[in-house]
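# Descriptive analysis of the structure
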Amino acid sequence: MSKHFFGDTTVLLGRSLRHITRSPDTIITTAIMPIAMMLMFVYVFGGAIRTGSDSSYVNYMLPGILLITVASGIAYTAYRLFMDMKGGIFERFQSMPTARSSVLWAHVLTSLVANLISLVVVTLVALLMGFRSGAGVSAWLAVAGILILFTLALTWIAVIPGLSAKTMEGASAFSYPLIFLPFLSSAFVPTATMPGPVRFFAENQPVTSIVNAIRALFTGTPVGTDIWIALAWCVGILVVAYAFAMRTYRRKIS
Amino acid sequence: MTTQQAPAIQVHGLEKSYKELHVLRGVDFEVARGSIFALLGSNGAGKTTAVKILSTLLKADAGTARVNGFDVATQAANVRESISLTGQFAAVDEILSGRENLVLVARLRHLKNPGKIADDLLERFSLTDAGGRKAATYSGGMRRRLDIAMSLIGDPPIIFLDEPTTGLDPQARIEVWQAVRELADQGTTVLLTTQYLDEAEQLADRIAILHEGRIIVNGTLAELKQLLPPAKVEYVEKQPTLEDVFLTLVGTKA
Ligand SMILES: Nc1ncnc2c1ncn2[C@@H]1O[C@H](COP(=O)(O)OP(=O)(O)OP(=O)(O)O)[C@@H](O)[C@H]1O
Ligand SMILES: [Mg+2]
């Protein structure tokens, strides 16, 4: 690691945060889709969905909505990285005596900041819609921790198409399946209502354990093993995605 | 240091293929310190490929290249300390202002007083008035000037300019030429690629022609001229060139 790694990453982070403040629409668009879904599910479908608990449906679905927010937000990381590659500024940075991986880290940290802002916006709207939680400070911190880990894991996935895509559509198309994944999980309806194979998939995919862990933290019920499964998924995805992203990156710069 | 006496750039037997396409097939040349060296070649000759290898953005398949005495393959970090690259397509951050672009590069080069460096360069490249504007609003020529200004930050001893005047109007072209001459007068070594013969004629101390993967000729302008039969004496009326007319009409001092 170069001795300038932290300094260079900070400078480049400042640069891409400036990009965000100059086009805040990226944060707003990120937040609008999940908010629209939340409105639809609560006010249109919500009455017909039985979750097996008597608290309001917004309480039930918020964890899934938060994951969808992150899944749609990280597409912008792929987009920004792709634009840097295409515009040649990436090559300029690579030809300078700058710590080389700083360019990637700056984008990853920017994604974290942007997604956290979107998550706060979505949560505030949920509060307006009647979301209530008895969670204490430590439970909220645990939720934040899981979401940060989830964002980092998904962001490193986003780095891969950002570096290797040939077109802008290609750079962001990868996020559609990620946005779709919560629908095949316990995010909106209990998995017990699903037919066999779907239920098997839903119960064994990462989103379900993450959603269940966050939901338990919000309602103050015991988190059980879900939180450990959730953390294992997040860390596992993070490590694998990071390794692949770094491999793609090394190929790109050699 | 021994590197002071060695040529600024030494290239021996450089080869590079993209899959089946054998772009460089054994390129040899040297560039003396403080000189301007022009690499001429038609579209697809491999000029950009050669420049990318010399600026550590691409690895050669075979052969060696030393820049400022450092091997591009094994001492890439030292090479990056010694060079600056102005790529074929202007690599500026469109969302930042001109001044912010300059400050960014100065920071990434770990220099003191980035603000002052930026202001001095804006002045030198007649961009002071536009300095606060987003680079996205710049004309092609302004963008190219900003791009070159970014490359001068930190006074690297060797500068690569890949087709620095392609797409510029005659006036902007002359301004770029002026900047290149000033650099060379201060002792900077300049390697530029171009498709314009007059550009090489105007600027270069030595000219090399890259054709079908090899340097087919390499010499001073006078030496290259001697390759052809001696000039015949003919009497023709001296018509102003279109360039003379254009420059007179738009009335610039440059
Ligand atoms: N990444 C790549 N993958 C495959 N082929 C490539 C790649 N980069 C360049 N080429 C091919 O290699 C050849 C040389 O390209 P290069 O860009 O070095 O030429 P050039 O002399 O700079 O041309 P120009 O004057 O058009 O800029 C071209 O035929 C080009 O299509
Ligand atoms: Mg080229």
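Here the residue numbering is sequential within each chain, running from 1 through the sequence in written order. All chains are assigned letters beginning with A, and all ligands numbers beginning with 1, in the order in which they are written. Given that this is a predicted model, residues contribute local features only at a pLDDT of at least 70 and side-chain atom pairs are listed and counted only at 80 or more, while totals for whole chains, interfaces and linings are drawn from all residues. Think of the side-chain values as coming from all heavy atoms in the structure, minus any hydrogens and water.

What counts here: UniProt positions are given in the numbering used here, feature names are shortened, and annotations may be inferred rather than shown by experiment.
Taking an unreviewed UniProt entry as the reference, chain B is identified by name as ATP-binding cassette domain-containing protein belonging to Nonomuraea montanisoli. UniProt annotates chain B under Sequence similarities (unreviewed entry) with the comment "Belongs to the ABC transporter superfamily." Under the UniProt heading Subcellular location (unreviewed entry), the entry covering chain B gives this text: "Cell membrane".

If you check an unreviewed UniProt entry, chain A appears there as Transport permease protein from Nonomuraea montanisoli. The Sequence similarities (unreviewed entry) comment attached to chain A in UniProt states, word for word, "Belongs to the ABC-2 integral membrane protein family."

## Notes on the packing of aromatic side chains
All names here are of chain A. Definition in use: Within 6.5 Å between ring centres, the rings of Phe, Tyr and Trp (the latter by its six-membered ring) count as paired, and their orientation is classed by plane angle as stacked under 30 degrees, edge-to-face over 60, tilted in between. What counts as a helix is a DSSP run of H or I of at least four residues, what counts as a strand is a run of E of at least two, and both are numbered from the N terminus. Each residue gets one of three labels from its accessible area relative to the maximum for its type: buried under 20%, exposed over 50%, partly exposed in between, using a 1.4 Å probe on protein chains only.
Per the counting criterion, the structure on display carries 14 aromatic pairs over all chains. Here Tyr76 and Tyr79 contribute two aromatic rings whose centre-to-centre distance is 6.5 Å and whose plane-to-plane angle is 90 degrees, an arrangement assigned as edge-to-face. Placement of the pair is Tyr76 and Tyr79 together in helix H4 (residues 75–87), with a separation of 3 residues, close to one helical turn. Considering the side-chain rings of Trp156 and Tyr242, the 4.7 Å spacing of their centres and the 85 degrees angle between planes classify their relative orientation as edge-to-face. Here Tyr242 lies in helix H12 (residues 226–252) and Trp156 lies in helix H7 (residues 137–164), a separation of 86 residues in the sequence. The class of Trp156 is buried, set by a relative accessible area of 1%. Judged by relative accessible area, which is 32%, Tyr242 ranks as partly exposed. By way of ring pairs, the aromatic residues Phe41, Phe180, Phe183 and Phe188 are connected into one cluster.

## A short note on the site of ligand 1
Residue and element names in this part refer to chain B. The condition is simple: One heavy atom within 4 Å of a molecule or strand makes the whole residue count as near it. Within 3.5 Å is the distance limit for a polar contact, defined as a pair of N or O atoms, with the added protein rule that one can donate a hydrogen and the other accept it, and that residues adjacent in sequence qualify only through two side-chain atoms. Every accessible area reported is derived by Shrake-Rupley at a probe size of 1.4 Å, with residue values counting cover from the shown protein chains alone.
As a structural note, the neighbourhood of ligand 1 is formed by 14 residues, with Gly44, Lys47, Thr48, Thr49 and Gln88 the closest of them. Between ligand 1 and the protein, one listed contact pairs an oxygen atom with a backbone N or O atom of Ala45 at 3.2 Å. Thr49 is positioned with one of its side-chain polar atoms (N or O) 2.5 Å from an oxygen atom of ligand 1. Within the complex, 61% of the 630 Å² of free accessible area of ligand 1 lies under protein. Elements that contribute at least two residues to the shell around ligand 1 include exactly strand E2 (21–31) and helix H1 (47–54). With 3 residues, the single largest contributor to the shell around ligand 1 is H1.

## Some points on a nonpolar patch on the surface
Stated precisely, the cut-off is as follows: Residues enter patches when their relative accessible area tops 30% and they take part in no salt bridge; the joining distance is 9 Å for like charges and 5 Å for the nonpolar side chains Val, Leu, Ile, Met, Phe, Trp and Tyr. By definition, a salt bridge exists where a carboxyl oxygen of Asp or Glu is found within 4 Å of a side-chain nitrogen of Lys or Arg.
On the surface, Leu39(A), Met40(A), Tyr43(A), Val44(A) and Phe45(A) cluster together into a nonpolar patch covering about 490 Å² of accessible area. Positionally, Met40(A) belongs in helix H2 (residues 25–45).

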